[in-house]
Amino acid sequence: MFLSRIVLRDLDSIDSPVSMASSKKLVTRDEWERKLRDVKIRKEDMNRLVMNFLVTEGFVDAADKFRIESGTQPDIDLATITDRMEVKRAVQSGNVQEAIEKINDLNPTILDTNPQLYFHLQQQKLIELIRAGKINEALEFAQEELAPRGEENQAFLEEIEKTVTLLVFEDIKNCPYGELLDVSQRLKTASEVNAAILTSQSHEKDPKLPSLLKMLIWTQNQLDEKAAYPRINNFSTATLEDPAI
Amino acid sequence: MPSTASGGGGGGAWPESESETAAAASPSPSPSASSPTASYCMGSRPEELTARLAVNAGAGGGGGGGGGGDGERERVRTLREIKNQIIGNRTKKLQYLRLGAVPAVLAAMAEPGASPAALVQAAAAAGSFACGVDDGVRAVLEAGAVAHLTRLLAHPDEKVVDASARALRMIYQSKLAPKFDVNNEKNMEFLLTLLNRENENVTELAANIISHSCNSSTEQLALCAAGVPQRLVNLFGGSMNLRDACLHSMTAIIRNNWEVASRFALMDHGKALCSIVALIHDRSPRTRLLACLCLIALSHASPCHFQDRQIKTKLILVLLELIEEPGHVGDDAPLALTTLIKDSVELQKQALSTNAVLKLSNHLLANSLESRRAVTILLALAELCSKLEESRYQLMSVQASTLIIDALKHTCADIRVAACSCLKNISRSSKVLSAGKLSCDTFIAPLVQLLYDSSTSVQVAALGAICNIAVNLTPRKSILLHSGAVSQLVHLSKSMDPTLRLKAVWALRNIMFLLNPKGKDFILKELTLSTLSSLICDSEHFVQEQTLALVHNLVDGYVDAVDYVIGDDCTILNAISRQLNNAPAPGVCIQGMFVLANVAAGGELNKEAVMNVLVPRRADHIKSSFVLNFLQSKDKQLRVATLWCILNLIYPKCEASSVRVVRLQNTGLISQVKGMINDPCLDCKVNTPRFPPVQLRVRMVLEHCLDNADDGFM
């Protein structure tokens, strides 16, 4: 958040003295770097951003090491990350029932108050049964567990229909809705689970760093219309590139 | 006794829970010993699990060790299995309820030697039963869950405390949960101990209990006096979920209570208020919405402490932004906006100046009409159009108006209702109406179609819109007349539902207004005199009133229409006479007298017919005429209508009129009129430019009486 504010403030100071009608203001590398040096970013703030990322994404070991090294306290009990990651891993490896039970141990109100998530987990369970070729079991599960959810909600019904389509085809990888069997479907469900657990722990479900990066891109785009300046094009190295004149 | 606080947890129990606890202890199913064959049968069907749980009851308590032994492990496993099956699964909950599993789960909680693990599982299962299924809530309450779970809030094991607090929160989410009486001193003390606990699950529970139980002003004042608002504000510093719960309960404490609201506004030199204002810019959308709702409640409860226009403008802006949020927040934001601007022209103008109409309608245009949000947005638009002409114009712009037409034809009844509300409020504008934008087939046809809707609320809403559109349709009434509306309106006027009858007759009345004679005949043919007369004698006086107003519009400006009233053996006139003699509601009398006045304006035949209503020619007539009462009525309009009627009876001067004057005089009517000139409540200055109508008519009646009876009787 503060990063973008700093850039915007600079933008003002660049903008004001310039009144050349068409040509953009040119900011040299030296000038730019001098300005950047003037910007004071507190180390603790940077550390908190990093910690927020590690915690939200569930890198528990890294978070713990980072805590020891930087002295930054996480805003959540690290033990809960381990639990959350176990749930996530269970979904990613297709053990949906295990995931459900772990979520319920963590906080029994999550799935009761989040019907969509519960449905998606049940749907994932059906997908896993189909993937394993347990056709009878899959049919029974669809009838007994999923059908009642479809009666409660039209959108769920459509999802069930798509999923059950998988049972009709022999070559399920290439049938319509075959993408349900992709790893990406598991990841989608896993990230939904992750977000729900985070919300139940009063934690924001997305880390702050990516949105900061988005703001940087937006700000650079805005700035491009007004000035030529050393731009960051490669976000993994964050090197400043000389302005093209 | 479970109501004493056990030391470790630092909590307490419901002071009033003894009776509940006693009731709950009894149903624990207790077979004398656990049967090993049954407990080793590892099925997972609800029948088996329920049976196993019942068999296991008492297994853990035997040794007194609390948690040891196979029996206890088995019970924890069974409870956990049941819990995992029912969470999120309505069907399973109902199945277990039918099997009577709830008392068994609660019995496990009541077990003196129960292990923390068993208590956690049992509490979670009980909480889940209470979530989303009313029968579940009832079963859990009947089994004494509140008392047990409350007792467990003082358990030394934090996990047990967490599980119990969560389960209680589930229970208090339901409307069926008993109210927590904060007027009881001990209860209040207990609530305060909960609010002061470290455990956020417990403090959140306390906030939920307040939201659930606080709705009378004495309760609000009691909570305020106990310092609860201050404590809630302090808890804003906690986790996001806790803060949201506190905001919600703060709203409950403030709502509609001037005293609490103004005390809160001044609390800590306004710091508490500022902390809520700050939260309307919070990162979490839900928090922003709850903070807005709290401030809206505050501004309604105590307008004088909330005059800052800037904050209100901010509220409007924040709420308009929140509409873009997914889920409940985005759905409820338009409702909050509606509450905020309701009945305030100033705020509606402010909303309009922030482009509210455009933003709301653009959101509808950009998204499908498939959600609850469409309903709430349409209702907010309707509110914006309730008073402001400019809003109506904006909404009637090309794109948005097609949207409303789509909404009228939508499969969801609530969306149809909301669209009708929009049209009703737009059609309050005489300019929109006279521009003819609404009186075209594109709007009329779907509206008329809605008169056939299967949902009564849709029919009522459609009638509301048609009523308004009909008023000013003068040059274009034929569209409505030939749309098939009339026959359905007639049909609805015979409905069992009084609201439908009322609105249907009202719509007919408005269509009848200034209609050409041909149109009037057409409606009467559809309606029939017998229906009309039974509507005049309807069981509900508001229907009677509208029906008489309909007759009033019928005879107004259409001389021959009087035949409908006095023809057919005076069916209609007799019905009116019956109603007036029964002295019903003033509205009915007024409309009835206007009809009579209109009829009396006609020829001798008409005048005589009306005369017979006012002064029946019966030998045994002793009862004083109802007209006497009307002249003494407190209602000015009724006096005017009655005087008009009398005036029309004795005008113009002729022999027949003189005879009528004598008849009126004999019943004491004329002297009553004479008395009215000195009536203190009519003691208005005769010379003022705005001549009071009653007094004017009094003078006119008296002058004509003098003219008619030459020698004078005054």
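Because the structure is predicted, anything quoted here is derived from the model rather than measured.

Student: Provide a residue-level description of the overall build of chain B, including the pertinent values.
Tutor: Each helix and strand in chain B was counted, giving 43 helices and zero strands. Classification of the 714 residues of chain B by burial places 55% in the buried group. Of the contacts formed within chain B by residues at least 6 apart in sequence, a portion of 69% connects residues at least 24 apart.

Student: Account for the packing of aromatic side chains, with residues named and values stated.
Tutor: Residue and element names in this part refer to chain A. Following the criterion strictly, the structure yields five aromatic pairs over all chains and no others. Ring centres 5.2 Å apart and planes at 35° place the aromatic pair Trp 32 and Tyr 229 in the tilted group. Of the two residues, Trp 32 is situated in helix 2 (residues 29-38) and Tyr 229 in the loop between strand 2 (227-228) and strand 3 (231-232); the sequence distance between them amounts to 197 residues. The exposure class of Trp 32 is buried, given its relative accessible area of 11%. On the accessibility criterion, Tyr 229 (5% relative accessible area) is buried.

Student: So what's going on with the interface of chain B and chain A? Which residues, and what values?
Tutor: Counting residues at the interface gives 23 residues for chain B and 25 residues for chain A. The junction of chain B with chain A conceals about 1900 Å² of combined surface from both sides, 42% of it contributed by carbon and sulfur atoms. Interface area lost by chain B to chain A is led by B:Ile87, B:Arg166 and B:Arg283, which between them contribute 29%. Linking chain B with chain A are six salt bridges. A:Asp105 is the salt-bridge partner of B:Arg80, the closest N and O atoms lying 2.6 Å from each other. Where chain B meets chain A, there are 18 residue pairs in polar contact (both at pLDDT 80 or more). The set of elements that each furnish at least two residues to the side of chain B that touches chain A consists of helix 4 (69-86), helix 5 (90-98), helix 7 (116-129), helix 10 (158-173) and helix 15 (240-254) of chain B. In terms of residue count, helix 4 of chain B provides more of the side of chain B that touches chain A than any other element does, five residues in total. Within the side of chain B that touches chain A, the residues separate by chemical class into six nonpolar, nine polar and eight charged.

Student: Please set out the pattern of salt bridges residue by residue, giving values where relevant.
Tutor: According to the stated counting rule, one finds 41 salt bridges over all chains in the structure shown. Measuring nitrogen to oxygen at the nearest pair gives 3.0 Å for the salt bridge that ties A:Glu204 to B:Arg283. Of this pair, A:Glu204 sits in the loop between helix 11 (183-200) and helix 12 (208-224) while B:Arg283 sits in the loop between helix 17 (271-279) and helix 18 (285-301), placing the two residues on different chains. Between A:Asp224 and A:Arg231 there is a salt bridge, with its nearest N and O atoms 2.9 Å apart.

Student: I'd like to hear about the confidence of the model for chain B, residue by residue, with values.
Tutor: When pLDDT is low, close inspection of the predicted coordinates is not appropriate. Residue and element names in this part refer to chain B. When pLDDT is averaged along chain B, the result is 83, and 85% of the positions lie at 70 or above. Within chain B, helix 7 carries the highest mean pLDDT (96), whereas helix 1 (residues 18-25) carries the lowest (37). Confidence over residues 682-692 falls short of pLDDT 50; this stretch has eleven contacts with residues more than four positions distant or in other chains. Scored below 50 in pLDDT, residues 710-714 makes ten contacts in the model with residues more than four places away or belonging to other chains.

Cut-offs and rules
Along each chain, numbering runs from 1 in the same order as the chain's sequence is written. Chains and ligands are labelled sequentially in the order written, the chains with letters from A and the ligands with numbers from 1. Only residues with pLDDT of 70 or above have their local features reported here, since the model is predicted, and side-chain atom pairs are shown and tallied only from 80 upward, although totals for entire chains, interfaces and linings are computed over all residues. Where side-chain values are given, they derive from all heavy atoms of the structure, hydrogens and water being excluded. Elements are defined by DSSP. Helices are runs of H or I of four residues or more, strands are runs of E of two residues or more, and each kind is numbered from the N terminus. Accessibility here uses a 1.4 Å probe with only protein chains present; expressed as a share of the type maximum, an area under 20% marks a residue as buried, one over 50% as exposed, and anything in between as partly exposed. Throughout, a contact is declared for two residues whenever any of their heavy atoms are within 4.5 Å. Ring pairs are drawn from Phe, Tyr and Trp, using the six-membered ring of Trp, whenever the two centres fall within 6.5 Å, and their geometry is named by plane angle: stacked under 30 degrees, edge-to-face over 60, tilted for the rest. Buried area counts how much accessible surface, traced with a 1.4 Å probe, disappears from two parts once they are put together, with both parts' losses summed. Take a side-chain nitrogen of Lys or Arg and a carboxyl oxygen of Asp or Glu: if they are within 4 Å of each other, that pair is a salt bridge. Polar contact is the term for a pair of N or O atoms within 3.5 Å; when the atoms are in protein, one must be able to donate a hydrogen and the other to accept it, and sequence-neighboring residues count only if both atoms are side-chain atoms. Under the grouping applied here, Gly and all other residues not named as nonpolar or charged are polar, the nonpolar ones being Ala, Val, Leu, Ile, Met, Phe, Trp, Tyr, Cys and Pro and the charged ones Asp, Glu, Lys and Arg. The predictor attaches a confidence to each residue, and that confidence, scored 0 to 100, is pLDDT.

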